[in-house]
Amino acid sequence: DTMLNISHDYIGLDETIKLANKYRDIYSVKRKIIEYIEETNDDEKLIKELKRQIKDNDSINLYEKLLNIYLKNNTEEAQKLLLVMINEYGRIDHYKKLKSICNKTKMNSYKKEILNNITKNSYRNSFLLEIYEEDNMVEKLFKEIKKYNELSILSKYKEKINTEYHNVLLDYYKKLII
């Protein structure tokens, strides 16, 4: 790492990138390669390097960097990448971003795929609740909440479900408390 910093100062960026590639098996060198390529403002090289490193280590930070490039230039690639990120990490911020860059028809298609993936991987049920809340799917949200049978989850989503289920909600609270 120190050697690369010194090289960068004395032999220039292109030569430093070549040198770094010789030692790319070292984690810190991989990150330096990305930093150096970012300095060149060459998005094509950066995309290629990020994809290469994602294959080795699918870090959320690498995905985020790649997403930022795609969001500038290629909405379709950004959508595809967001779908991968959603299925991999189950984060509502990625879901909201996808919604913001898609038309309704495309988003409905993506949503079916995402929901299908979540139901296959039941460990992501909290993400399912977040999607139901985000998309105002109150009936499904309430049904899913009841599966948890936890006061903390009910409390988190009570505002969303209170309007339509206020009568049932009180009885449900009693059941959980008593």
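A short tour of the structure in this document, coming up. (Residues numbered from 1 in each chain as written. Predicted model: local features only at pLDDT ≥ 70, side-chain atom pairs only at ≥ 80, totals over all residues. Heavy atoms only, no water.)

All right, on to the overall build of the chain then. Secondary structure assignment for the chain yields eleven helices and zero strands. Secondary structure elements in the chain, listed N-terminal to C-terminal, are α-α-α-α-α-α-α-α-α-α-α. Counting over 178 residues, the chain shows a buried share of 39%. Across the chain, every contact between residues at least 6 apart in sequence was considered, and the portion connecting residues at least 24 apart equals 42%. (Helix = DSSP H or I, 4+ residues; strand = E, 2+ residues; numbered from the N terminus. Buried < 20%, exposed > 50% of the residue type's maximum accessible area, 1.4 Å probe, protein only. Contact = heavy atoms within 4.5 Å.)

Further remarks concern the packing of helix α6 (residues 75-89) against helix α8 (residues 104-120). Remark: α6 packs on α8, axes separated minimally by 10 Å, with the N-to-C direction vectors making an angle of 20°. As far as their axial angle goes, α8 and α6 are roughly parallel. The element α6 and its partner α8 pack so that their crossing is right-handed. Contacts between α6 and α8 involve Gln-79, Leu-83, Ile-86 and Asn-87 on the former and, on the latter, Lys-106, Tyr-110, Glu-113, Ile-114 and Asn-117. Residues belonging to the contact of α6 with α8 are distributed by class as follows: four nonpolar, three polar and two charged. (Axes fitted to C-alpha atoms, helices over the stretch in contact; angles between N-to-C directions. Parallel < 35°, antiparallel > 145°, perpendicular 65-115°, else oblique. Left-handed = near helix turned anticlockwise from the far one by under 90°. Nonpolar A, V, L, I, M, F, W, Y, C, P; charged D, E, K, R; others polar.)

Think of an α-helix as turning once every 3.6 residues; residues three or four places apart then point the same way. Between the first and last C-alpha of α8 there are 24 Å, a value that for 17 residues agrees with the 24 Å anticipated at 1.5 Å per step. Within α8, burial applies to Met-107, Tyr-110, Lys-111, Ile-114, Leu-115, Asn-117 and Ile-118. End-on, the buried residues of α8 take up no more than an arc of 160°, which puts them together on one face. Facing away from the buried side of α8 by over 90 degrees, the exposed positions are Thr-105, Lys-112, Thr-119 and Lys-120. (Expected span 1.5 Å × (residues − 1). Arc of directions from axis to C-beta.)

This next bit is on the environment of Glu-35. Residue placement: Glu-35 occurs in helix α3 (residues 27-40). Taking the C-alpha atoms as reference, Glu-35 lies 9.3 Å from Leu-46; in sequence the two are eleven residues apart.

In this section: helix α4 (residues 43-56). Taking 1.5 Å as the rise per residue, α4 with 14 residues should run 20 Å; its terminal C-alpha atoms sit 20 Å apart, in good agreement. Along α4, the residues classified as buried are Leu-46, Ile-47, Glu-49, Leu-50, Gln-53 and Ile-54. Contact partners of the buried residues in α4: α3 and α5 (60-73). Two or three places before Glu-44, at the start of α4, stands the capping residue Asp-42, its side-chain oxygen 3.2 Å from that residue's backbone nitrogen. (Polar contact = N/O pair within 3.5 Å; in protein donor to acceptor, adjacent residues only side chain to side chain.)

Running from N to C, helix α7 (residues 92-101) and helix α9 (residues 125-134) point in directions that differ by 35°, and their axes come no closer than 10 Å. For α7 against α9, the interelement crossing comes out right-handed. Residues Ile-92, Tyr-95, Lys-96 and Lys-99 of α7 lie in contact with α9, whose contacting residues are Phe-127, Glu-130, Ile-131 and Glu-134. Across the contact of α7 with α9, the residue classes tally to four nonpolar, no polar and four charged.

This part covers unusual backbone geometry. One non-glycine residue, Asn-41, lies in the positive phi region at around 60°. With respect to the helices and strands, Asn-41 occurs in the loop between α3 and α4. Relative accessible area serves as the criterion here: at 66%, Asn-41 is assigned to the exposed category. Even without being a glycine, Asn-136 presents a positive backbone phi close to 55°.

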